[in-house]
Structure formats: structure tokens, C-alpha cells
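Commentary on secondary and tertiary structure
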Amino acid sequence: MDMEVKLHPAGHDGVRPLSLKNPVMTASGTFGCGAEFMPYGNIARLGGIVVKGLSLRAREGNPLPRIAETPSGMLNAVGLQNDGVEAFIRHRLPALPWQDVPVIANIYASCAEDFGELAGILSAEDGVAAVEVNISCPNVREGGVLFGQDPVMAAKVTGAVKRRAGTKPVIVKLSPNVTDITVIARAAEDAGADMLACINTVTGMAVDLERRVPLLANIVGGLSGPAIKPVGLRCVWQVSRAVKIPVIGMGGISSARDVLEYILVGAHAVQVGTASFSDPAATFRIVDELPGLCRRLGIERLDDLRGALKV
Amino acid sequence: MISPARTDLTVADNVPFSQPGEPGFFALMLENPGWVSWLPGQFVMLRPHGWGSELTWARPFSISRVTPQGLVLFYQVVGRGTSRIAKLVSGDKVTIWGPLGTGFAVEPARPTLLLAGGIGIAPFYGYADRHPSPEHLSMLFGHRQISDCYPMDSLSQIIDVEHFRERTPADIPVFQDMIRARMKACRSKDGLALACGPMPFLRMIWEYALEIGLRTQLSLEQRMACGVGACLGCVTRTSMHWADAEKAGLPVQTCTSGPVFWAEDIDLKAGA
């Protein structure tokens, strides 16, 4: 069965389509820069690879502890530690099989101008197939989720990135930590976003009762893993009905069944995140299992399943 | 660089060492993973098949031994994950990925002091097994439980082990003085020290190593989600001696750049 997915919003003619062998990508921050997972599977078989968030300059991230295990999930407050965009282009991108699998650069900045500059630098690279804009990180003081909670700021950042991204598609990654996610989704779409991705992590916290301390040095962090799958499905359902551009779904995906559930509520493609920590081969396994599950469920084309939820 | 592999393995045995009422120490024996090679000091991530989605992460364990019969992991029950691992029985299935990270230096002709704190003794079984001249090895082993909790026989037959049991907090300064004295003696013989144990123990040894000028490697313990360098949960700050100048003074992943680091390459100051 053909698993290929072509993400190309109608009317966005100056933008190259994002063509995926299958709808299963990796989520930013959970797959390193890709090479970390090469011992566990052929990364060229994945739908796409979204690399760890990049900023203009290297960032040290937050103090430890940065991660905590919670029931059916985990909290993180890594704080976007990365080596900076130049180091990525020099050392990491050349090591990736970008001619065989789309590599998507996730970007973070603390102002719209820097977002635009990052988009300009990365979209000029042959090895970068698309840019994913992180306006939803809950773990940094400046920017981050603040952009993703205000439709005016979300539009401003989206516009700044679009002006510099050339023919590369721009994906805006949304936060679930808002009252109405469709307001931000529409603002990003109106500002020219080619695709949306949702969801980023759900803000949360965990505490040690005996020691009376938070489990994260940052006190609060972002919840991910199977615990947030219902939140992710709800957001993708709402967003995909509110916008015309393709939606990439994520949140707690750990099986082929989860992938199809996201497509059923309206996703064009998905990203696997925390499952890669539970098992470094998780995304490869999901790609392997998807055609068989489709056959068992009588799904001949993913297009037939997309948004086909009976309500 | 030894390439790691992900393997599903069967539990051969899971042997408790502790007495009833004592904290749980176990040796988990798995079938042989078929690795081409491994280094003492390296570790594996382990996740039993029965965990479902409730426990999200695998758990990191130092490799204690690899014999033709199998892979041995010596561990202590400290939380939700290890409590469940302690209930594994023969025939249960687990997924492991490894061998991961860096191993300890082996310098056959050099007097080598092994400093173990509690369950930090785990990687030294394999180190002693594999060392070409174990007569050059000596160990100072600090522990809170009685020594019966630890599988000592096999180690004591190969190398000279000195014990120190911490019964009350008042014993800690005595142990600190012992460590310092053994490290100074090792320095005077132009020796090498290798340490594994809890972070306060390692931080003390790190300080002594820099003060005394003794070449020392530390195997660090950090909370880890993935073990492969992706989650960025386990970082350690490097010192200005770090070989890659671009990373000097910055956080690096303990799982891939470590867990074994040279003391002078890292900065373990509280809050660093």
C-alpha cells in the first residue's frame, strides 16, 4: 500500500511541496539531530526528521534536573540547549541522508527578527526541506510560548519567517496551553503559514512530597508522552476543521494505531516524540507496522481516512 | 567507538543479595546479547516488555559482566522502575540497548585505585575480570549495608578490597580521610584512580583529584530518559580542558560523552 503523503497547501504556489514516503516523522527535541538514532534503524525510511530546536547562537539550556518521569509520560524543561544554527549546518546536516529523507529544521528565537534571520539561513541550505517554527516552547523565559499564546505575535513571527523562507515550506508549531487553539491556528494561517503542527508539550509540574521540592529545577515543564494523546487528538480535530492548510499531529504517539487515530481526526502527517525515549527503534517500528494495520482495517488510501471521523 | 545495538533478551535469573529488611540488591542475569565488544564502564538502557506505557523510560545500568552465559547487571532497588525490575523472573523478556557511552581507561602496568561507593561497585566486576594485570588493582569500597549485600567473593578473589562501612553520618569524615589518603598514595606511585558511586561521593573525589593532581576518571550517575544523546536530561558541564574547544565550559550529554569522564575535563562544582 502506498503510504506517500504530499503536504502542499492549495494556493501556496511559490512553495515547494513537502513530500514524505510515509506520514511518520520524528518530533523536535526527541530525535537529536538524527544521527543519534542511526544504530537503531535506517533513518532514510522515515517520513521526515525534525531536528532539535535551533537558535541563532548556542544556548546552554536550563539547570538540572531537567526531566522527570510521570505516569504514562514525562516532564521536561531542557530550555532549548543547542549548539546554534551554524554548528548544525557545519557539523550535523552533512551527516544526515537529506537527499533521501526530508530534514526539517525547528527554530527558536526570542524576537520576530531573529526568527526571520534563522529562516533565511536555514532555507538557503539544500539539505533543509522545511522550517518548523517553535512559538510554543514552555521552558524559556523570552519568547517561546508567549508568541504562541497571542494571535498578533504568532502572526508577526509567522510573517517574519515566511518573508525569509523562500520556497521552503513553513510549519508553525502550536501550543496546547491556550484557551482556544483555533484562534492562534487561524492567525498563523492568515500570516502565510504553509502548515501547522500541534501539539507542543502541555505545561505541568511534579513534586517530591518528602523533600518538599519540585522534581524540575525550572519548577514547571512540558508534559509529553501517552498521557497527552487525548489533548493532541482534541487539538488536531479542532485545528484541522478551522484551517485549510495541512496539519501535522503529535502528542503521545507510540504505535501505528495512534498514527491512524490522528489521521482520522484530521492530520495529514504525524510526529513521534517521547516514544523514541522509551525505545530508540519506536519510530522505525511504527513505520513498519503502518501498512499492515491499514490492510487489517480496510484502509486503502490515507486520504480516505483523513478527517473521516463520524460525529 | 563501539556501535550499540537494540536487542530483546530473556531473563535467565534475578538473584537477591540482601538480607530480609535490608535495601534490595540484586544481580540480574540476561542471555548473552551477542555484542562484538564492550568496555567496562559502559552501560545499557533496560526496559522490561511488561511495562506498557505507565513507566515511560527505560533504566540505565552499568554493565557488571559479560560472560559466555550472559550479561550481568548488579543493581539496587531505589524507585518505581527498579522495584519492578526486582520482580522479573526467569523467562521474562526485556529490551536493552547498548553498550552505551565511554569506558574506563585500562593501563596494565600502572597501579590503579578503584573507588566504589555503594552500588557504584557494579562496573568494577567487569573491570577486574578484564584487566590484564589485576595485581595492580586495589579497591576502596564504601557502603552502608553489610558487605553480604554485595556479591564480593568473585571480586575479592581477583583483587585486594578494603571495606569501609558507613553506619552513621559521623563516619563520613573518616571515610573522606581514607579516600584522600589512598588517592595521595596512588599519586605518589604515579597511579590511576577510577571512581563510581553517588554524586556527593564523586564530587568529593573530583575535588581531591584536582587538588592532589592524580589522574582520575569518574563514572557519573544522572537521570536519563534515552541513553542515546537525544533527551538532554543528563548533561554534565565540561571544563576548559575539554578536547572539543567549541564545547569547553558547556553542558554535554553524560550518556554519550560519558558516563566515564576524566576529572579534569568536567566541572562538578555544585550548581555548575
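Please read these numbers as outputs of a predicted model, since none were measured by experiment. (Residues numbered from 1 in each chain as written. Chains lettered and ligands numbered in written order. Predicted model: local features only at pLDDT ≥ 70, side-chain atom pairs only at ≥ 80, totals over all residues. Heavy atoms only, no water.)

Looking now at the environment of A:His268. All names here are of chain A. Residue placement: His-268 occurs in the loop between helix 7 (256-264) and strand 16 (269-272). Along the sequence, His-268 and Pro-9 sit 259 residues apart, while their C-alpha atoms lie 11 Å from each other. Residue contacts for His-268: discarding those within four places in its chain leaves Val-5, Leu-7, Pro-23, Pro-246, Val-247 and Arg-306. (Helix = DSSP H or I, 4+ residues; strand = E, 2+ residues; numbered from the N terminus. Contact = heavy atoms within 4.5 Å.)

Moving on to the sheet that holds strand 5 (residues 67-70) of chain A. Residues and elements named next belong to chain A. Pairing within the open sheet is antiparallel, and its four strands lie in the order 5-6-14-11. Since the sheet does not close on itself, it has two edges, and those belong to strand 5 and strand 11 (202-204), each with one partner. Ignoring which end each strand starts from, the neighbouring axes of this sheet average 35° apart. With three bridges connecting them, strand 6 (residues 73-76) and strand 14 (residues 221-224) associate as antiparallel partners. Along strand 14, the bridge assignment pairs Leu-75 with Leu-223. (Pairing = 2+ DSSP bridges. Axes fitted to C-alpha atoms, helices over the stretch in contact; angles between N-to-C directions.)

What follows is about the domain arrangement of chain B. Residues and elements named next belong to chain B. For chain B, the assigned domains are domain 1 (5-100) and domain 2 (112-265). Computed from C-alpha coordinates alone, the two centres of domain 1 and domain 2 are separated by 21 Å. Taken residue by residue, the interface counts 24 residues in domain 1 and 25 residues in domain 2. Here domain 1 meets domain 2 over a buried area of about 2,200 Å², counting both sides, of which 64% is carbon and sulfur. Broken down residue by residue, the surface that domain 1 buries against domain 2 is led by Trp-57, Arg-65 and Phe-74, which jointly contribute 26%. (Domains from an automatic or database assignment. Buried area = accessible area lost by both parts, 1.4 Å probe.)

In this structure, the second largest pocket occupies an estimated 1,100 Å³ of space. If you trace the second largest pocket, you find 47 residues lining it, with A:Glu36, A:Arg92, B:Lys247, B:Gln253 and B:Thr256 closest to the centre. Of all the elements in the fold, those that place two or more residues in the lining of the second largest pocket are helix 1 (85-92) of chain A together with strand 7 (93-100), strand 14 (251-253) and helix 6 (254-257) of chain B. When residues of the lining of the second largest pocket are assigned to their parent elements, the largest contribution, four residues, is made by helix 1 of chain A. (1 Å grid on protein atoms, 1.4 Å probe; cavity = no way out; pocket = protein on both sides within 12 Å on 5 of 7 lines; lining within 4 Å. Points joined across faces, edges and corners; volume = space filled by probe spheres on them.)

Residue and element names in this part refer to chain B. Applying the stated criterion across every chain, the model contains 14 aromatic pairs over all chains. Measuring from centroid to centroid gives 5.3 Å for Phe-104 and Phe-124, while their planes differ by 20°, and the two rings are stacked. In this pair, Phe-104 sits in the loop between strand 7 and strand 8 (112-117) while Phe-124 sits in helix 2 (residues 122-130), placing the two residues 20 residues apart along the sequence. Taking the centre distance of 6.0 Å and the plane angle of 50° together, the rings of Trp-242 and Phe-261 count as tilted. (Phe/Tyr/Trp six-rings, centres within 6.5 Å; stacked < 30°, edge-to-face > 60°.)

Turning our eyes to something else, we now look at the sheet that holds strand 9 (residues 170-173) of chain A. Residue and element names in this part refer to chain A. Read around the closed barrel, eight strands run 3-4-7-8-9-10-15-16, paired in parallel fashion. On average, each strand axis in the sheet is inclined to that of its neighbour by 25°, with strand direction left out of account. Where helix 2 (residues 112-123) meets the sheet, it contacts strand 7 (103-107) and strand 8 (130-134), and its direction lies at approximately 160° from that of strand 7.

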